[in-house]
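# Coordinates in review
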Amino acid sequence: MHMRDTVSDIAGTRPPEPVSATADRRAATLRNLGLTIDGTPLVRDLNLALEPTGITMIMGPNGAGKSLLLKLMHGLIVPSSGEVLWGGQPLSNELRRVQSMVFQKPVVLRRSVAANVDFVLKARGIRDASRRDALLAHVGLSDHARQPARLLSGGEQQRLALARALATEPKVMLMDEPTASLDPASVLKIEEIVQDAQAKGTKILFVTHDLGQAGRLADDIVFMHKGRLHEYGSADLFLSRPETEEARNFLQGRIVV
Amino acid sequence: MQDFGEAFRLALSLVLSGDADLVEIVALSLRVSLTATGVACLIGLPLGALVAITRFRGRNAVLILFNALMGLPPVVVGLLVYLHLSRAGPLGFLGLLYTPTAMIIAQTILITPIVMALSRQVLEDLHAEYAEQFRSLVLSRRQQVAALIWDARFSLLTVGLAGFGRAVAEVGAVMIVGGNIDHLTRVMTTAIALETSKGDLALALGLGLVLMVIALGVNAMVQSLRMTAVRHAYA
């Protein structure tokens, strides 16, 4: 189900799919998406139709606009131009409720580990201690349930953030470099959890700099540079035969400016 | 100095013997100021939190107003409450003037801006950390306010303490609306003012001692709670 669209193929004004009640709310379409702050264009005229399943990695050098793209897609930032469609529909609170976001620096509430998960469940009107316990077991934090969450290690805090993100059984999970600065064991544990979520049908959007991680996880890859979309295609093809010079330089570890 | 020493000795004996008048005054002071602090927190914390998480036109003007109201002169508050509660005033029919309730109202008005302004600052800092997560979870304002107040509870204790300190130590407002009536509206500060003017330094000093002990005790208790919270990374 992989595609090999270059920017020129997917750019343009292809109309969105007709809205229907059965539209897959995991399928994202970006139409002329742009973000300009203080006169500086940070995301430029993005046109893209993402696969509704699998793990999509968003890659690119620093300042490429990867995190901004994720936040635009989740509605945390309002675009200066264009729009984001999920299942052919404009982003709404209802759609955002079936999405979860995990941030690079995990946001940990000043509560116990268990209370952090309870908070999200309660926000969705769910009071189910067994579900919380199962989530903590899933991310390997059962033994820490009563501990203050802010005393966990970085990797444990990120796993707690994942447990919270999974608590709502999201259709889409947007992850902004969730394994940056973590030790290899924590990275592997988080990758297992992500793959498990994907296997259960959650669409994953994952920002990373780590080529090894892209090779392990990605089904398809979005490559950005200076706010522009340079390539979008299957991970295998992108990693073995990138089409643009910027992507080739990036994959070969050269400094991309 | 000998008179002062004698007064101090008498004051200590009043405190240590649990003098009935002194106990009554202290109890009323605590009742009035603690109730006012509680009501001010009920009003001020949600309002402070709401301003902390909301961006609107004129927000800066509201913040300036909050900060300015922190310095409300107690006698002016007392006068305003008096005008409202006196028989000719719009709330005169309630018959609250010269009652502990009037004193609670005056102190509440006095310290609510303090609670609002200080809690706004504490909660705004916390909100900066939580904001994206809250938006991601599509939380309502009510849910955000409740979560912020709960997570900042140990820091907000200090805010409550600042309000209580201001309430229990002020004299102007409660003097005007309470009238310093013996066995009815006499609190520590008004009693100290009265006894000093009468030259009864023993009772004034005794009350002053109690006031200091209360201030120190409450501070120590809150500080100890905060330290525990910091150790557990809850603050």
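Scroll up a little and you will see the structure.
Residue positions are given per chain, counted from 1 along the sequence in the order it is written. Following the order in which they are written, the chains are lettered starting with A and the ligands numbered starting with 1. In keeping with the model being predicted, local features are shown solely for residues with a pLDDT of at least 70 and side-chain atom pairs are shown and tallied solely at 80 or more, while totals for entire chains, interfaces and linings include all residues.

### A look at the overall build of chain A
In this description a helix means any DSSP run of H or I spanning at least four residues, a strand means any run of E spanning at least two, and both kinds are numbered starting from the N terminus. Within chain A, the secondary structure is distributed over 10 helices and 11 strands. As defined in this context, the radius of gyration uses C-alpha atoms, and a globule is described by 2.2 Å times the residue total to the power 0.38. On C-alpha atoms alone, chain A measures out to a radius of gyration of 18 Å, which is about the 18 Å that the 2.2 N^0.38 rule sets for 257 residues. The principal-axis extent of the C-alpha atoms belonging to chain A is close to 50 × 45 × 40 Å. A total of 257 residues make up chain A; the buried ones form 46% of that total. It is the C-beta atoms, placed from the backbone, that decide contacts: two residues are in contact if theirs lie within 7 Å. Here the contacts in chain A between residues at least 6 apart in sequence split such that 68% fall between residues at least 24 apart. Between the buried cut of 20 or more and the exposed cut of 12 or fewer other C-beta atoms within 10 Å of a residue's own C-beta lies the partly exposed class, and all C-beta atoms are placed from the backbone.

### Notes on the sheet that holds strand S3 (residues 40-49) of chain A
Taken in spatial order, the 4 strands of this open sheet run S3-S2-S5-S6 (chain A), and their pairing is antiparallel. In this open sheet, the two edge strands, each paired with only one partner strand, are S3 and strand S6 (89-90) of chain A. Pairing between strands requires that DSSP locate at least two bridges from one strand to the other.

### Things to note about the pairing of strand S11 (residues 228-234) of chain A
All names here are of chain A. Counting buried positions over the 7 residues of S11 gives 5, a clear majority of the element. Bridging between strand S10 (residues 220-225) and S11 involves 6 bridges; their strand directions are antiparallel. Of the residues in S11, the one forming a bridge with Asp220 is Ser234. Counted between consecutive antiparallel strands, the loop separating S10 from S11 contains 2 residues, among which Lys226 sits at a positive phi close to 50°.

### Describing the interface of chain B and chain A
On the chain A side, the residues contacting the 15 residues of chain B number 17 residues. For the side of chain B that touches chain A, the leading source of residues is helix H5 (residues 100-136) of chain B, giving 6 residues. Charged residues are taken to be Asp, Glu, Lys and Arg, nonpolar residues to be Ala, Val, Leu, Ile, Met, Phe, Trp, Tyr, Cys and Pro, and polar residues to be all remaining types, Gly included. Of the residues contributing to the side of chain B that touches chain A, the split by class is 7 nonpolar, 4 polar and 4 charged.

That is the geometry; function is a separate question.
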